[in-house]
Amino acid sequence: MTYQADEGRYERQPYNRSGRSGLKLPAVSLGLWHNFGDNRPIETSRAILRRAFDLGVTHFDLANNYGVPYGSAERNFGRIFREDFAPYRDELIISTKAGYDMWPGPYGEWGSRKYLLASLDQSLRRMGLDYVDIFYSHRPDPETPLEETMGALDRAVRSGKALYAGISNYSPEQTAQAARIMRELGTPLLIHQPSYSIINRWIEDGLLDTLEEAGMGCIVFSPLAQGLLTDRYLEGVPADSRAATSRFLSADRIDRDLARDLNEIARTRGQTLAQMALSWAMRDPRVTSVLIGASSVEQLEDNVACVDGPAFTEDELAAIDKITELRAAGGR
């Protein structure tokens, strides 16, 4: 059946400007890291993407090595894009990244000009696109001069293969240096993609201030701490959960007491734990968007509904801080 987007899709969530740029992103964006490879049914992926766009999610975030095997998330997205979303290309923000291992040999990872630009060409072929909206350096390279990495991003934009450039996983100091280099090249960095959640607050120690000063946006990944901040683990570790099946999350990282205590606050707010965690991550106006993953339409709908949640009271924020500080100190 031919897909036609919901006519009310732009009434479902807010759109925030990315730093001082002209680009707005949805408050909730969809990341295609875990659930869009060849190990997942393509029709499930299609249903999630369709429903996301119907809910106003205009930003789909990928990377060269997303999916099992590497590249499969981009390839599957490309198929779905061609069959469902091609008429809506100008309404979509599609991003990809390069930086982690992708192919064998010395040119298949990190931040060289050789790797970044070759990877972008491969990503475009897999997705069947003429350009991506945002191309990221996925991580800083300790052995390649930052001028070379940023020069590759500048080249990607000037070639028309990307509209904007971004970085991910850079420290505040690296971010400030990268922003300076890109300003001098004439292609300002649009955005930074760091990890951030109730239990992972490192960006509050300088990065958000750096981004504000540089005029960059911030889109955070893992705002649910890979499922730790959901009701998935309140009673244990399900056999089909990420903690039981993925190398990225182990069962010994599950803190059920933390989740239960936070869940009590969420319940009084009329939210699920996931919704509250997402609302918390976007409470700072310097956070442009939160990236969610979804393995089902139902999970997607629950997460996107965070935009309808109430503002936090000072008492709620203090209670959340107290719970996380106690856990960090090893207390109950």
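Residues numbered from 1 in each chain as written. Predicted model: local features only at pLDDT ≥ 70, side-chain atom pairs only at ≥ 80, totals over all residues. Heavy atoms only, no water.

Labelled according to an unreviewed UniProt entry, the protein appears under the name L-glyceraldehyde 3-phosphate reductase, originating from Nonomuraea composti. UniProt, in its Sequence similarities (unreviewed entry) section for the protein, records the words "Belongs to the shaker potassium channel beta subunit family." (UniProt positions renumbered as here; feature names shortened; annotations may be inferred.)

**Observations concerning the pairing of strand β10 (residues 289–292)**
Residues of β10 alternate between two faces, with S289 and L291 on one and V290 and I292 on the opposite face, all of them buried. Here 3 bridges tie strand β3 (residues 28–31) to β10, and the two strands are oriented parallel to one another. Following the sheet pairing, S29 is matched in β10 by L291. Sheet analysis places strand β9 (residues 217–220) next to β10, joined by 2 bridges and oriented parallel. Note that in β10 the partner of V220 across the bridge is V290. (Buried < 20%, exposed > 50% of the residue type's maximum accessible area, 1.4 Å probe, protein only. Helix = DSSP H or I, 4+ residues; strand = E, 2+ residues; numbered from the N terminus. Pairing = 2+ DSSP bridges.)

**Overview of the side chain of T187**
Examined against the element boundaries, T187 turns out to sit in the loop between α5 (172–185) and β8 (191–193). The exposure class assigned to T187 is buried, which follows from its relative accessible area of 8%. Reaching out from T187, the side chain makes a polar contact with the side chain of D154 at a distance of 2.5 Å. With residues up to four places along the chain from it excluded, the contact list for T187 reads D154, V157, R158 and M182. (Polar contact = N/O pair within 3.5 Å; in protein donor to acceptor, adjacent residues only side chain to side chain. Contact = heavy atoms within 4.5 Å.)

**Points about the sheet that holds strand β7 (residues 162–168)**
As summarised here, the arrangement of the 8 strands in space is β3-β4-β5-β6-β7-β8-β9-β10, forming a closed barrel in which the pairing is parallel. Across the sheet, the axes of successive neighbouring strands diverge by a mean angle of 30 degrees, strand direction being ignored. Of the pairings in the sheet, the one linking strand β5 (residues 93–98) to strand β6 (residues 132–137) comprises 4 bridges and is parallel in character. By the bridge assignment for β6, S95 is matched with I134. (Axes fitted to C-alpha atoms, helices over the stretch in contact; angles between N-to-C directions.)

**As for helix α10 (residues 297–304)**
The set of residues buried in α10 consists of L300, N303 and V304. The arc enclosing the buried residues of α10, seen along the axis, measures out at 95 degrees, which places them on a common side. Buried residues along α10 sit in contact with β3, α1 (42–54), α9 (273–281) and β10. (Arc of directions from axis to C-beta.)

**A word on the packing of aromatic side chains**
Counting across every chain of the model gives 11 aromatic pairs. With a centroid separation of 6.0 Å and 65 degrees between ring planes, the pair formed by Y3 and Y88 is classed as edge-to-face. Linking Y3 in the segment before β1 (15–17) with Y88 in the loop between α2 (72–85) and β5, this pair joins segments that are 85 residues apart in sequence. Just as Y3 is buried, Y88 falls in that class too. Pairing F60 with F85 gives two aromatic rings, centres 5.9 Å apart and planes at 70 degrees, and the pair type is edge-to-face. Of this pair, F60 sits in strand β4 (residues 59–61) while F85 sits in helix α2; the two residues are 25 residues apart in sequence, bridging distant segments of the chain. (Phe/Tyr/Trp six-rings, centres within 6.5 Å; stacked < 30°, edge-to-face > 60°.)

**A closer look at the pairing of β3**
Burial of β3 is two-sided: the residues V28 and L30 facing one way and the residues S29 and G31 facing the other way are all buried. Both β3 and β4 contribute to a ladder of 2 bridges, which runs parallel. By the bridge assignment for β4, L30 is matched with F60. After leaving β3, the chain enters α1 and then returns to the sheet as β4, a path that is right-handed. (Right-handed = clockwise from strand over helix to strand, strands pointing away.)

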